[in-house]
Amino acid sequence: MASSGFSWTRRSQNPTPVGEPPDLVLVDTIGELPGAYPLASIVFVGGSIPKHGGHNILEPAAVGCPIVTGANTQNFASIVNAFLEAEAIIQLPPLDMWDGEDDLAFVLRDLLNDPQRRATLKRNAKELVAENLGATERTMKLLAPFLNSGDSTKPAGLIIATESAHSA
(Lines give C-alpha, C1' and ligand atoms only; values in the text may rest on other atoms or scores of the structure.)
Protein backbone atom coordinates (compact mmCIF):
# COMPACT_ATOMS: atom_id res chain seq x y z
CA MET A 1 0.00 0.00 0.00
CA ALA A 2 3.00 2.27 0.22
CA SER A 3 2.76 3.16 -3.47
CA SER A 4 -0.92 4.09 -3.17
CA GLY A 5 -0.28 7.48 -1.61
CA PHE A 6 -2.61 6.70 1.31
CA SER A 7 -1.43 6.69 4.90
CA TRP A 8 -2.62 3.56 6.66
CA THR A 9 -2.37 1.38 9.73
CA ARG A 10 -3.47 -2.03 10.88
CA ARG A 11 -6.10 -2.16 13.61
CA SER A 12 -4.01 -4.79 15.41
CA GLN A 13 -1.06 -2.39 15.71
CA ASN A 14 -0.73 0.15 18.46
CA PRO A 15 -2.09 3.52 17.40
CA THR A 16 0.34 6.28 16.54
CA PRO A 17 0.75 8.51 19.59
CA VAL A 18 0.21 11.91 17.96
CA GLY A 19 -0.48 13.22 14.50
CA GLU A 20 -2.94 12.98 11.67
CA PRO A 21 -5.22 9.95 11.64
CA PRO A 22 -4.46 7.55 8.78
CA ASP A 23 -6.44 7.62 5.53
CA LEU A 24 -7.08 3.88 5.76
CA VAL A 25 -7.44 1.41 8.60
CA LEU A 26 -6.95 -2.27 7.79
CA VAL A 27 -9.30 -4.03 10.23
CA ASP A 28 -7.41 -7.27 10.80
CA THR A 29 -9.04 -8.22 14.10
CA ILE A 30 -11.95 -10.52 14.87
CA GLY A 31 -15.40 -9.20 15.75
CA GLU A 32 -14.89 -5.49 15.10
CA LEU A 33 -16.20 -5.09 11.56
CA PRO A 34 -19.88 -4.54 12.43
CA GLY A 35 -18.88 -1.61 14.65
CA ALA A 36 -16.51 -0.20 12.05
CA TYR A 37 -18.85 -0.27 9.04
CA PRO A 38 -20.95 2.76 10.04
CA LEU A 39 -17.73 4.80 10.37
CA ALA A 40 -16.41 3.91 6.92
CA SER A 41 -16.50 6.13 3.86
CA ILE A 42 -15.83 3.05 1.70
CA VAL A 43 -15.56 -0.65 2.56
CA PHE A 44 -13.33 -3.06 0.66
CA VAL A 45 -14.61 -6.57 1.36
CA GLY A 46 -11.58 -8.81 1.58
CA GLY A 47 -10.79 -12.34 0.56
CA SER A 48 -11.88 -11.47 -2.95
CA ILE A 49 -8.61 -10.73 -4.75
CA PRO A 50 -7.02 -14.13 -4.08
CA LYS A 51 -9.18 -17.11 -4.93
CA HIS A 52 -10.63 -17.51 -1.43
CA GLY A 53 -14.17 -16.69 -2.51
CA GLY A 54 -14.67 -13.37 -0.78
CA HIS A 55 -16.55 -12.43 2.34
CA ASN A 56 -20.16 -11.48 2.93
CA ILE A 57 -21.13 -8.02 1.64
CA LEU A 58 -24.50 -7.87 3.41
CA GLU A 59 -23.29 -6.41 6.71
CA PRO A 60 -21.69 -3.30 5.19
CA ALA A 61 -24.59 -3.01 2.72
CA ALA A 62 -27.16 -3.03 5.53
CA VAL A 63 -25.65 0.11 7.05
CA GLY A 64 -25.29 1.77 3.66
CA CYS A 65 -21.58 1.54 3.00
CA PRO A 66 -20.23 2.00 -0.50
CA ILE A 67 -18.67 -1.41 -1.20
CA VAL A 68 -15.74 -2.46 -3.36
CA THR A 69 -14.87 -6.11 -3.79
CA GLY A 70 -12.47 -8.18 -5.85
CA ALA A 71 -13.45 -10.56 -8.64
CA ASN A 72 -13.32 -13.79 -6.59
CA THR A 73 -16.72 -13.75 -4.92
CA GLN A 74 -17.86 -17.29 -5.70
CA ASN A 75 -18.89 -17.84 -2.05
CA PHE A 76 -21.51 -15.11 -2.47
CA ALA A 77 -21.97 -15.10 -6.25
CA SER A 78 -25.76 -14.66 -6.34
CA ILE A 79 -25.66 -11.85 -3.77
CA VAL A 80 -22.83 -10.04 -5.57
CA ASN A 81 -24.62 -10.44 -8.91
CA ALA A 82 -27.78 -8.89 -7.46
CA PHE A 83 -25.74 -5.96 -6.15
CA LEU A 84 -24.01 -5.52 -9.50
CA GLU A 85 -27.38 -5.47 -11.30
CA ALA A 86 -28.67 -2.87 -8.82
CA GLU A 87 -25.50 -0.76 -9.21
CA ALA A 88 -24.94 -1.18 -5.48
CA ILE A 89 -21.31 -2.37 -5.51
CA ILE A 90 -18.07 -1.96 -7.44
CA GLN A 91 -16.35 -5.20 -8.37
CA LEU A 92 -12.75 -5.13 -9.53
CA PRO A 93 -11.67 -7.26 -12.49
CA PRO A 94 -9.51 -10.32 -11.78
CA LEU A 95 -6.21 -9.12 -10.33
CA ASP A 96 -2.94 -10.75 -9.48
CA MET A 97 -2.75 -10.72 -5.69
CA TRP A 98 0.60 -8.93 -5.74
CA ASP A 99 -0.16 -6.44 -8.52
CA GLY A 100 -3.70 -5.48 -7.50
CA GLU A 101 -2.93 -2.80 -4.95
CA ASP A 102 -2.52 -0.04 -7.57
CA ASP A 103 -5.85 -0.95 -9.16
CA LEU A 104 -7.56 -1.00 -5.78
CA ALA A 105 -5.95 2.32 -4.82
CA PHE A 106 -7.20 3.88 -8.07
CA VAL A 107 -10.79 2.77 -7.40
CA LEU A 108 -10.67 3.93 -3.78
CA ARG A 109 -9.19 7.30 -4.74
CA ASP A 110 -11.80 7.72 -7.47
CA LEU A 111 -14.64 6.96 -5.03
CA LEU A 112 -13.22 9.22 -2.33
CA ASN A 113 -13.25 12.06 -4.86
CA ASP A 114 -16.80 11.33 -6.03
CA PRO A 115 -19.30 11.85 -3.19
CA GLN A 116 -22.24 11.49 -5.61
CA ARG A 117 -21.11 8.00 -6.68
CA ARG A 118 -20.62 6.99 -3.05
CA ALA A 119 -24.11 8.27 -2.20
CA THR A 120 -25.61 6.28 -5.09
CA LEU A 121 -23.83 3.08 -4.03
CA LYS A 122 -24.96 3.59 -0.41
CA ARG A 123 -28.57 4.22 -1.37
CA ASN A 124 -28.75 1.29 -3.80
CA ALA A 125 -27.13 -1.10 -1.30
CA LYS A 126 -29.50 -0.15 1.53
CA GLU A 127 -32.54 -0.38 -0.78
CA LEU A 128 -31.51 -3.83 -2.03
CA VAL A 129 -31.05 -5.12 1.52
CA ALA A 130 -34.42 -3.65 2.59
CA GLU A 131 -36.18 -5.24 -0.41
CA ASN A 132 -34.88 -8.65 0.63
CA LEU A 133 -35.64 -8.55 4.35
CA GLY A 134 -37.99 -11.26 5.57
CA ALA A 135 -36.63 -14.04 3.34
CA THR A 136 -36.93 -16.62 6.14
CA GLU A 137 -40.61 -15.85 6.67
CA ARG A 138 -41.34 -15.97 2.91
CA THR A 139 -39.50 -19.28 2.60
CA MET A 140 -41.42 -20.79 5.52
CA LYS A 141 -44.74 -19.73 3.96
CA LEU A 142 -43.74 -21.43 0.71
CA LEU A 143 -42.69 -24.60 2.54
CA ALA A 144 -45.67 -24.73 4.92
CA PRO A 145 -47.95 -26.76 2.61
CA PHE A 146 -45.27 -29.42 2.27
CA LEU A 147 -44.54 -29.55 5.98
CA ASN A 148 -48.10 -29.79 7.30
CA SER A 149 -49.31 -33.38 7.34
CA GLY A 150 -52.23 -33.14 9.75
CA ASP A 151 -50.10 -33.95 12.80
CA SER A 152 -49.05 -30.49 13.91
CA THR A 153 -46.36 -31.85 16.22
CA LYS A 154 -44.41 -33.68 13.49
CA PRO A 155 -44.27 -32.03 10.06
CA ALA A 156 -44.27 -34.49 7.14
CA GLY A 157 -40.94 -35.15 5.53
CA LEU A 158 -38.84 -34.41 8.60
CA ILE A 159 -36.88 -37.10 10.36
CA ILE A 160 -36.71 -36.42 14.05
CA ALA A 161 -33.81 -38.09 15.81
CA THR A 162 -33.14 -37.82 19.51
CA GLU A 163 -30.11 -38.62 21.61
CA SER A 164 -31.70 -41.95 22.70
CA ALA A 165 -32.28 -42.98 19.08
CA HIS A 166 -28.52 -42.89 18.47
CA SER A 167 -27.66 -44.95 21.53
CA ALA A 168 -30.01 -47.83 20.73
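Details of the structure are given in the entry above.
My aim in this report is to walk through the structure given alongside it, one point at a time. Being a predicted model, the structure only gives us computed values, none of them experimental.

1. Here's the deal with the pattern of salt bridges
In total, this model carries two salt bridges according to the counting rule given. For Asp28, the salt bridge is made with Arg10, and the minimal N-O distance between the two is 3.7 Å. Of this pair, Asp28 sits in the loop between β2 (24-26) and α1 (33-36) while Arg10 sits in strand β1 (residues 8-10); the two residues are 18 residues apart in sequence, bridging distant segments of the chain. Relative accessible area serves as the criterion here: at 32%, Asp28 is assigned to the partly exposed category. Classification of Arg10 by relative accessible area gives partly exposed; the value is 33%. When the shortest N-O distance is used, the salt bridge between Arg11 and Glu32 registers 3.0 Å.

2. A look at the sheet that holds strand β5 (residues 90-91)
With parallel pairing, the three strands of this open sheet are ordered in space as β3-β4-β5. Where the open sheet ends on each side, the last strands, each with one partner, are β3 (43-45) and β5. Of the strands in this sheet, β3, β4 (67-69) and β5 touch helix α4 (residues 101-112), which is tilted by about 170° from β4.

3. With respect to the side chain of Arg118
Tracing the chain through its elements places Arg118 in helix α5 (residues 115-131). There is a polar contact of 2.8 Å between the side chain of Arg118 and the backbone oxygen of Leu112. Setting aside anything within four residues of it in sequence, one finds Arg118 in contact with Ser41, Ile42, Pro66, Leu111, Leu112 and Asn113.

4. Overview of the nonpolar core
Burial of nonpolar side chains together is a common tendency in soluble globular proteins. Counting residues in hydrophobic clusters, the biggest one holds 14 residues, and the most contacted among them are Ile57, Ala61, Ile67 and Phe83. Of all elements in the fold, only β3, α3 (77-85) and α5 reach the threshold of two or more residues within this core. The biggest single contributor to this core is α5, with three residues. For Phe83, the residues in contact, after removing those within four places along its chain, are Ile57, Leu58, Ala61, Ala88, Ile89, Ala125, Leu128 and Val129. Phe6, Ile49, Val68 and Leu104 belong to the second-largest nonpolar core, a separate cluster that totals 13 residues.

5. Regarding the environment of Lys122
When you line up the elements, Lys122 lands in helix α5. When sequence neighbours within four positions are dropped, the list of residues in contact with Lys122 reads Gly64, Cys65 and Pro66.

What counts, and at which threshold
Residues numbered from 1 in each chain as written. Predicted model: local features only at pLDDT ≥ 70, side-chain atom pairs only at ≥ 80, totals over all residues. Heavy atoms only, no water. Salt bridge = Lys/Arg side-chain N within 4 Å of Asp/Glu carboxyl O. Helix = DSSP H or I, 4+ residues; strand = E, 2+ residues; numbered from the N terminus. Buried < 20%, exposed > 50% of the residue type's maximum accessible area, 1.4 Å probe, protein only. Pairing = 2+ DSSP bridges. Contact = heavy atoms within 4.5 Å. Axes fitted to C-alpha atoms, helices over the stretch in contact; angles between N-to-C directions. Polar contact = N/O pair within 3.5 Å; in protein donor to acceptor, adjacent residues only side chain to side chain. Core = buried A, V, L, I, M, F, W, Y, C linked by side-chain atoms within 4.5 Å.

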